[in-house]
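Structural overview for review
So you can see what is in the structure, the chains are spelled out below.
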Amino acid sequence: MTEPTDKPAEKPAPDKPTMGRVFLIIVDESPELKVALRYACRRAAKSGGRVAMAYVMEPTDYQEWVGVSNLIRDEARTQAEAIMQKMAGEVQKLSGNFPILYFREGERQEEVMKLIDEEPTISILVLGAATGSKGPGPLISALTGKAIGKLRIPITVVPGNLSDTDIENIA
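Residues numbered from 1 in each chain as written. Predicted model: local features only at pLDDT ≥ 70, side-chain atom pairs only at ≥ 80, totals over all residues. Heavy atoms only, no water.

**Some details on the overall build of the chain**
What counts is decided by this rule: Helix and strand labels come from DSSP, where a helix needs a run of H or I of at least four residues and a strand needs a run of E of at least two; each type is numbered from the N terminus. Buried residues are those whose accessible area, probed at 1.4 Å on protein chains only, stays under 20% of the maximum for their type, while exposed residues exceed 50% and partly exposed ones sit between those limits. A contact between two residues is defined here by any heavy atoms of the two lying within 4.5 Å. Each accessible area value is a Shrake-Rupley result obtained with a 1.4 Å probe; residue values ignore everything except the protein chains displayed when judging cover.
The helix and strand tally for the chain stands at five helices and five strands. Listing every helix and strand of the chain by position from the N terminus yields β-α-β-α-β-α-β-α-β-α. A total of 171 residues make up the chain; the buried ones form 38% of that total. A sequence separation of at least 24 residues applies to 75% of the contacts in the chain between residues at least 6 apart. Surface accessibility of the chain: about 10800 Å² in total, with carbon and sulfur atoms responsible for 53%.

Set out below in structure tokens:
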């Protein structure tokens, strides 16, 4: 004979809705952004995932002039929103889904690390590498250096010189 317990019977955990992998793109004005964006969109479309885009605005240095600082911040936000709106249309066309949008203010590497830590849905960071003689770019250099051990997700570095055909073949 079994003894009664005070514990309720365990219920199976409900299935959590899944949205697939989320590919994070950091939006800037570099030419390699388009290659990284296309790659992330094609990977998301083929894997049932989504694209997330983050725009990090540099902080203003006019602390003693609050009105000027607020005006500059507002103008930067308006510009960031316009860029993201344009890019979101491209993402929707290439991936079939509207992207997840993030806006941040601060130092780019620090804000990217914080965003990744705060958003558990982000699965992969996709960055485009510059093709010039100055190296792959400051964010790639920073995140693949000492900071790489602090990331909880992989980084995909997409060479900035890939053609659309190359991307279709590898994504």
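Continuing now.
**Observations concerning the nonpolar core**
Note the following rule: To form a nonpolar core, buried Ala, Val, Leu, Ile, Met, Phe, Trp, Tyr and Cys residues must be joined to one another through side-chain atoms within 4.5 Å.
Grouped together as the largest cluster of nonpolar side chains are 28 residues, with contacts concentrated most on Ile25, Val27, Val51, Met53 and Val126. Listing elements by their share of this core, those giving two or more residues are strand E1 (22–27), helix H1 (33–47), strand E2 (50–57), helix H2 (66–95) and strand E4 (122–129). It is H1 that provides the largest number of residues to this core, a total of eight residues. Once you skip the residues sitting within four places of it in the chain, valine 51 turns out to touch Phe23, Ile25, Ala40, Cys41, Ala44, Val91, Pro99 and Ile100. Ile116, Ala129, Leu143 and Ile153 belong to the second largest nonpolar core, which has 21 residues in total.

**Quick word on helix H3 (residues 108–118)**
Quick reminder of the rule: We define a polar contact as two N or O atoms separated by no more than 3.5 Å, with the added condition that, inside protein, one atom must be a possible hydrogen donor and the other a possible acceptor, whereas residues neighbouring each other in sequence contribute only through side-chain atom pairs.
Looking only at H3, the buried set comprises Glu111, Val112, Met113, Leu115 and Ile116. Close packing links the buried residues of H3 with E1, E2, strand E3 (100–105), E4 and helix H4 (138–143). Where H3 begins, the capping side chain belongs to glutamate 107, and its oxygen is found 3.2 Å from the backbone nitrogen of glutamine 109.

**Side note on the pattern of salt bridges**
Quick reminder of the rule: Basic side-chain nitrogens of Lys or Arg form a salt bridge, by our definition, when they fall within 4 Å of a carboxyl oxygen of Asp or Glu.
Following the criterion strictly, the structure yields nine salt bridges and no others. When the shortest N-O distance is used, the salt bridge between glutamate 110 and lysine 114 registers 3.8 Å. In this pair, glutamate 110 and lysine 114 both sit in helix H3, four residues apart, roughly one turn of the helix. In this structure, a network of salt bridges that share partners links the residues Arg104, Glu110, Glu111, Lys114 and Glu118.

**Points about the side chain of serine 95**
Looking at the element boundaries, serine 95 is found in helix H2. The contact partners of serine 95, leaving out residues within four places of it in the chain, are Cys41 and Ala45.

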